[in-house]
Amino acid sequence: MRGWWIRSNLGNPWARPSRPAVPTSNAEPRAPAPATTGKVPHPMNAPVPPRVRFAPSPTGHLHVGGARTALFNWLYARSQGGTFVLRIEDTDQERSSDESYAAILEGMNWLGLDWDEGPDAGGDFGPYRQSERLDLYRAHLIKLATEDKVYRCFCNADDLAAREAAVREAGGVWEGYDGHCRHLDADAIAAFEAESRPHAWRLRTPDEGSTFWYDVIVDKREFQNEVLVDRVIVKADGFPTYQFACVVDDHLMGITHVLRGDDHVSNTPFQLLIYQALDWKPPKFGHMPMILGPDKKRLSKRHGATSVAEFADQGIIPEAMVNYLALLGWSPGGSADEVMRTKAIVGKFSLKKVNSSPAAFDYDKLAHINAMHIKRLTPEERLDLALPMIEKQGWGLADDWRIHGADDTRAYLARLLAMLGGRFSSLVNLPEQIGFFFTDDHFKDQEAWDEHVATDEGRSRLKVLAGALSESLDLDAPQEAEAFEGVVRELAEKLGLKAGDLIHPARVALSGQSRSAGIFEVMELLGGPRTVRRLETAASA
RNA sequence: GUCCCCGUCGUCUAGUGGUUAGGACACCGCCCUUUCACGGCGGCAACACGGGUUCGAUUCCCGUCGGGGAUGCCA
């Protein structure tokens with residue numbers, strides 16, 4: 001008696017749908033408005049705007065793998081005029097957390113991947129958190145139960161573990177659920193029910209034949225049904241498993257392309273069987289290659305940063321991250337410029353050009369892409385990026401440090417960035433690079449100091465140089481780089497030295513480091529009084 | 001173990017049944033120069049291996065090896 005199953009289910013707390021009707025038929029994406037004039041494409045040929053989704057589970061930060069998945073879905077939607085949906089897969093009550101949810105949204109926002117529909121954005125296919133869609137899964141479970149396509153499994157973790165151990169002891173290999181509860185008779189079920197024994201629901205899967213699909217990225221993929229086991233689709237806690245929720249939601253949300261990591265390949269045949277059981281037409285699937293660590297092993301913290309938040313902390317800017325991630329598995333082709341702003345990538349992106357082989361994450365190349373992005377920004381954009389880094393240090397332009405034409409921190413920083421040119425290639429290095437313009441208490445390279453400054457020769461040269469600058473220039477007035485250069489070179493000649501003999505100690509005395517922008521520009525932006533003071537201080541140190 | 005996928009310079013990749021196998025990162029030289037970057041020029045460096053198919057394979061097929069993934073009431 002099939003009705004028996006239903007009766008038992010109706011007593012369940014979440015049997016009564018509390019939500020308004022949702023599209024349960026084959027939810028086709030909204031078709032473009034029909035043209036009223038000109039050529040009307042045949043309906044079968046009309047381009048259907050894709051609906052894709054990124055469906056993270058809120059169990060951690062946004063990892064580079066997830067970010068790449070999100071990015072490619074987003075790129076596909078944006079390049080095709082489609083819709084990008086954000087769906088939260090929080091069916092694991094143990095691991096899901098609000099912090100993770102927030103972290104993921106933050107990561108998405110940072111990358112600039114905006115979604116058209118999602119938990120906070122709303123949309124016609126919500127709710128977009130699986131924990132708020134339980135009635136939907138229940139309704140479809142009942143349908144499957146009614147048709148005897150699923151069955152109850154009363155095995156608990158201990159039962160399963162015991163049977164697995166037994167198989168191993170006998171020298172066998174446990175190949176997944178053994179179908180133990182597949183054919184329980186009504187009496188047995190009734191007995192378990194009577195003692196309120198918890199149960200999960202499993203899908204009956206065929207033992208023969210094969211399940212296959214044409215992958216958007218890897219062509220045909222096929223699995224023998226023989227290797228597919230009756231996996232759980234609804235857990236004993238009443239929550240659906242990923243397998244089931246994913247299928248129900250993708251269908252109900254009208255998802256046309258499921259683009260996900262290659263680690264999901266083995267889930268696909270099982271999900272296809274769920275589509276079949278529900279009598280639904282499955283979407284297209286595309287499995288993107290994994291991102292590996294530099295050593296081609298699974299990417300882990302051991303390799304360095306793995307979450308987008310960490311990269312942000314390391315001074316990577318969002319568009320560089322997007323650019324680099326896009327290059328992992330996709331390429332603009334030929335010898336085209338790899339450094340692209342997000343908008344350009346959207347314009348060139350194509351699923352057909354997505355690779356099928358795994359890619360190793362290369363931190364060096366990311367750094368390079370980042371530097372190129374920073375370099376290509378407009379002065380204003382660079383300033384917007386750099387100012388917070390300076391403010392974060394608590395630095396600002398002191399009153400007595402003002403120089404002509406740059407009398408507030410922002411204007412001064414603008415001059416410094418112009419001076420830095422291509423040396424400004426990383427957000428994190430910036431404070432070290434230009435801290436000495438804002439404070440006397442800046443980073444000092446002790447080794448350079450010992451070599452160029454703290455020697456009798458170094459000290460005496462610095463002292464002479466300080467004197468020459470004071471005498472030759474009106475330091476109360478702003479002086480340009482050329483003026484400083486003139487004095488330095490003249491003095492060198494007078495002393496029979498190479499200009500470098502004065503420049504090197506001066507660089508370390510002024511900046512604390514052996515590398516900097518052009519020293520005469522440094523003097524100009526430091527200003528005469530500060531320049532001389534630092535030279536004198538160094539000479540007497 | 002079993003199943004699935006992948007395999008072009010160290011890395012990311014372009015590419016083709018006949019190419020001097022292209023670009024980028026890294027690396028090495030040189031130039032520029034006041035250091036360091038930037039930039040410019042040049043260099044090193046690859047079709048995993050073995051069988052086929054073919055007039056001809058890096059390209060198509062099979063095997064081997066290597067790497068990755070899956071094998072959960074995680075997603």
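None of the values given here were measured: they were computed from a predicted structure. (Residues numbered from 1 in each chain as written. Chains lettered and ligands numbered in written order. Predicted model: local features only at pLDDT ≥ 70, side-chain atom pairs only at ≥ 80, totals over all residues. Heavy atoms only, no water.)

**Quick word on the overall build of chain A**
Alright, step 1. In terms of regular secondary structure, chain A is built from 21 helices and 11 strands.
Alright, step 2. Its C-alpha atoms give chain A a radius of gyration of 33 Å, clearly above 24 Å, the size a compact globule of 541 residues would have.
Alright, step 3. Referenced to the eigenvectors of the C-alpha coordinate spread, the extents of chain A come out at roughly 110 × 70 × 45 Å.
Alright, step 4. The proportion of buried residues among the 541 residues of chain A is 48%.
Alright, step 5. Taking as baseline every contact in chain A between residues at least 6 positions apart, the subset at least 24 positions apart corresponds to 75%.
Alright, step 6. Carbon together with sulfur atoms contributes 50% to the accessible area of chain A, which is approximately 26500 Å² in total.
Alright, step 7. Counting 62 positive and 77 negative side-chain charges, chain A places the averaged centre of each group 5 Å from the other. (Helix = DSSP H or I, 4+ residues; strand = E, 2+ residues; numbered from the N terminus. Rg over C-alpha atoms; globule rule 2.2 N^0.38 Å. Buried < 20%, exposed > 50% of the residue type's maximum accessible area, 1.4 Å probe, protein only. Contact = heavy atoms within 4.5 Å. Areas by Shrake-Rupley, 256 points an atom, 1.4 Å probe, with all protein chains shown as cover. Lys, Arg positive; Asp, Glu negative; His and termini not counted. Charge placed at Lys NZ, Arg CZ, Asp CG, Glu CD.)

**Considerations on the pattern of salt bridges**
Alright, step 1. Taken as a whole and assessed by the stated rule, the structure comprises 35 salt bridges.
Alright, step 2. One salt bridge connects E524 with R415, and the closest N-O pair in it is separated by 2.8 Å. Of this pair, E524 sits in helix α20 (residues 519–526) while R415 sits in helix α14 (residues 409–420), and the two are 109 residues apart along the sequence. (Salt bridge = Lys/Arg side-chain N within 4 Å of Asp/Glu carboxyl O.)

**Considering the nonpolar core**
Alright, step 1. Judged by nonpolar contacts, the single largest core of 111 residues is most densely connected at M108, F361 and F437.
Alright, step 2. For this core, the element with the most residues is helix α2 (residues 64–80), which contributes 9 residues.
Alright, step 3. Each residue touching M108, except ones within four places of it in the same chain, is listed here: F54, L62, A70, F84, L86, L113 and W115.
Alright, step 4. Ranked by size, the runner-up nonpolar core spans 35 residues in total, among them F125, F239, V247 and V258. (Core = buried A, V, L, I, M, F, W, Y, C linked by side-chain atoms within 4.5 Å.)

**Things to note about the confidence of the model for chain A**
Alright, step 1. Mean pLDDT for chain A: 88, with 91% of residues reaching 70 or above.
Alright, step 2. Contacts of residues 1–41 to residues separated by more than four positions or lying in other chains number 61 contacts, the stretch itself having pLDDT below 50.
Alright, step 3. Scoring of the predicted complex yields 0.87 for pTM and 0.95 for ipTM. (pLDDT = per-residue confidence, 0-100.)

**Describing the protein's contact with RNA strand B**
Alright, step 1. Around RNA strand B sit 64 residues in total, of which C155, K235, S266, R507 and S516 are the nearest.
Alright, step 2. Sugar plus phosphate: this is where 70% of the atoms of RNA strand B within 4 Å of the protein reside.
Alright, step 3. Contact distances for RNA strand B include 3.0 Å between a sugar or linking oxygen and a side-chain N or O atom of E338.
Alright, step 4. Taking R507, its side chain carries an N or O atom lying 2.4 Å from a base oxygen of RNA strand B.
Alright, step 5. Put simply, the parts of the chain that give the surface near RNA strand B at least two residues each are β4 (200–203), β6 (219–224), α7 (242–252), β11 (359–360), α12 (363–376), α19 (499–511) and α20.
Alright, step 6. At 5 residues, the largest contribution of residues to the surface near RNA strand B is made by α12.
Alright, step 7. Grouping the constituent residues of the surface near RNA strand B by class yields 20 nonpolar, 22 polar and 22 charged. (Near = heavy atom within 4 Å. Polar contact = N/O pair within 3.5 Å; in protein donor to acceptor, adjacent residues only side chain to side chain. Nonpolar A, V, L, I, M, F, W, Y, C, P; charged D, E, K, R; others polar.)

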